[in-house]
Amino acid sequence: MGDERLSVRTQVLLWTAQRASAVVLAVCVVVHLVTIIYAIRNGITAAEILGRTRGSYAWAGFYALFVAAVAVHAPIGLRSVLAETLNWRGAGLDLTVLAMGLALALLGFRAVYAVFA
Amino acid sequence: MSTLSVSVWRGTESGRFQEFTVPRLASQTVLDVVTYIQRTLDPTLAYRYACRVGMCGSCAMTVNGRARWTCRTHVDNVAQGERLEIAPLRNLPVVRDLVTDMTPFFDKWAGARGRFQGGATRKDDFARVAPGSPARQLADAGIECIGCGACYSSCDVVAWNPAYLGPAALNRAWTLVNDVRDTGNRARLAAVAGDAGCHACHTHMSCSERCPKQISPTASIAGLKRATMEAALKGEI
Ligand code: SF4
Ligand code: SF4
Ligand code: FES
């Protein structure tokens with residue numbers, strides 16, 4: 001794999017996207033945790049969860065946003081971690097984390113759709 | 001007479017510690033200890049200093065595991081049970097014994113465009129910069145750097161990412177970004193942005209903790225992150 005580097009502007013925009021997605025994640029994680037604590041107060045069943053999420057555009061929208069934030073945040077962070085620990089840089093790394101981001105988005109959106117439809 | 005046990009690094013990157021016993025004196029600095037060893041016990045010991053008063057930045061070494069300016073570091077404050085371990089700075093090639101090659105360190109200052117670039121000619125009047133103006137205050141916060149390399153030696157990101165410009169070069173760039181007379185900031189912001197620049201910093205703050213001049217390169221780097229992000233969003237870099 002070549003040694004092509006992303007442009008400096010792209011590197012900065014990736015950093016910016018990671019910070020912005022971190023802000024979204026902070027809110028999403030809090031809402032998610034509060035929902036869990038609320039939801040399990042009488043025990044938890046699949047029927048109860050699906051009753052809340054099926055057909056709910058609000059929950060689908062919320063979890064779609066959550067998934068999108070994860071899919072942006074995790075690969076950019078992993079890119080730095082891998083560069084620093086394995087001394088791995090360049091196009092091979094960038095494509096690998098891009099694939100990971102796409103996989104996260106795909107699996108996440110599929111899960112959101114599964115509890116919505 | 002009380003004495004001090006001192007382990008001193010000998011050799012290059014591969015080498016070993018050598019033990020010396022040095023008389024313990026009042027108000028003794030770590031540089032006094034090294035100088036005593038070189039003048040009295042082993043004239044082949046290589047080390048570096050110039051001013052002895054905390055101005056030149058040439059005497060930094062790793063003392064009991066921490067990067068310090070040795071001319072202003074009192075043995076009283078750092079000896080652990082009357083023991084000292086003195087090694088060269090981390091993250092730089094070792095020339096010999098306690099002397100590191102500072103070339104990569106200063107090359108990175110150049111890489112961060114750490115040189116003032118003016119736009120005025122001698123026909124122009126003096127620039128008037130109000131001492132209390134926000135930009136001047138920001139520049140003031142970082143301007144007293146003596147180039148000792150203690151911060152660079154203490155930064156883990158420098159060890160993990162050899163291209164990383166490091167705290168001192170980025171701090172220098174930030175002082176120039178805040179110098180209203182400087183005309184080279186667009187290129188400078190591009191030079192200090194991204195994976196090898198300010199965005200590699202993890203805000204560990206080891207640099208700020210270890211800087212003998214109480215500068216906070218971390219704060220300067222945070223300023224650069226904001227400035228370069230704005231420039232990138234506007235498409236200027
Ligand atoms: S704050 Fe940044 S520059 Fe300073 S030691 Fe930490 S990672 Fe290095
Ligand atoms: S910022 Fe501080 S520690 Fe770093 S080179 Fe300058 S004076 Fe030394
Ligand atoms: S000898 Fe100049 S700073 Fe220590």
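Further up the page is the structure itself.
Attention here is on the structure that accompanies the text.

1. Structural notes on the overall build of chain B
Secondary structure summary: chain B contains 10 helices and seven strands in total. For the C-alpha atoms alone, the extent of chain B along its principal axes is close to 65 × 40 × 30 Å. By the burial criterion, 49% of the 237 residues in chain B qualify as buried. Summarising the internal contacts of chain B: among those between residues at least 6 apart in sequence, 63% fall at separations of at least 24. Accessible surface for chain B amounts to roughly 11600 Å². Of this, 51% is attributable to carbon and sulfur atoms.

2. A look at the overall build of chain A
Scanning chain A from terminus to terminus reveals four helices and zero strands. In chain A, the order of α-helices and β-strands from amino to carboxyl end is α-α-α-α. Relative to the compact-globule value of 13 Å for 117 residues, chain A shows a C-alpha radius of gyration of 17 Å, a clear excess of over 25%. Considered along the principal axes of its C-alpha atoms, chain A spans approximately 55 × 25 × 25 Å. Counting every position in chain A, which comprises 117 residues, the buried fraction comes to 31%. Long-range contacts, defined as pairs at least 24 residues apart, comprise 80% of the intrachain contacts of chain A with a sequence gap of at least 6. Accessible surface for chain A amounts to roughly 7000 Å². Of this, 74% is attributable to carbon and sulfur atoms.

3. Structural notes on the site of ligand 2
Residues in contact with ligand 2, as listed here, are Phe105, Cys145, Ile146, Gly147, Cys148, Gly149, Ala150, Cys151, Ala168, Cys211, Pro212 and Lys213 of chain B. Here the residues of the shell around ligand 2 sort into nine nonpolar, two polar and one charged.

4. Things to note about the interface of chain A and chain B
Contact with chain A, which involves 12 residues of that partner, is made by 18 residues of chain B. Where chain A meets chain B, there are one salt bridge. Of the charged contacts, one joins Arg79 of chain A and Asp195 of chain B as a salt bridge, the two residues approaching to 2.6 Å between their closest N and O atoms. Counting across the chain A and chain B interface gives five residue pairs in polar contact (both at pLDDT 80 or more). Those elements that place two or more of their residues in the side of chain A that touches chain B are helix 1 (8-39) and helix 3 (57-86) of chain A. Top element by residues in the side of chain A that touches chain B is helix 1 of chain A. It accounts for seven residues. Counted by class, the side of chain A that touches chain B contains five nonpolar, three polar and four charged residues.

Conventions used here
Residues numbered from 1 in each chain as written. Chains lettered and ligands numbered in written order. Predicted model: local features only at pLDDT ≥ 70, side-chain atom pairs only at ≥ 80, totals over all residues. Heavy atoms only, no water. Helix = DSSP H or I, 4+ residues; strand = E, 2+ residues; numbered from the N terminus. Buried < 20%, exposed > 50% of the residue type's maximum accessible area, 1.4 Å probe, protein only. Contact = heavy atoms within 4.5 Å. Areas by Shrake-Rupley, 256 points an atom, 1.4 Å probe, with all protein chains shown as cover. Rg over C-alpha atoms; globule rule 2.2 N^0.38 Å. Near = heavy atom within 4 Å. Nonpolar A, V, L, I, M, F, W, Y, C, P; charged D, E, K, R; others polar. Salt bridge = Lys/Arg side-chain N within 4 Å of Asp/Glu carboxyl O. Polar contact = N/O pair within 3.5 Å; in protein donor to acceptor, adjacent residues only side chain to side chain.

Keep in mind these numbers describe shape, not what the thing actually does.
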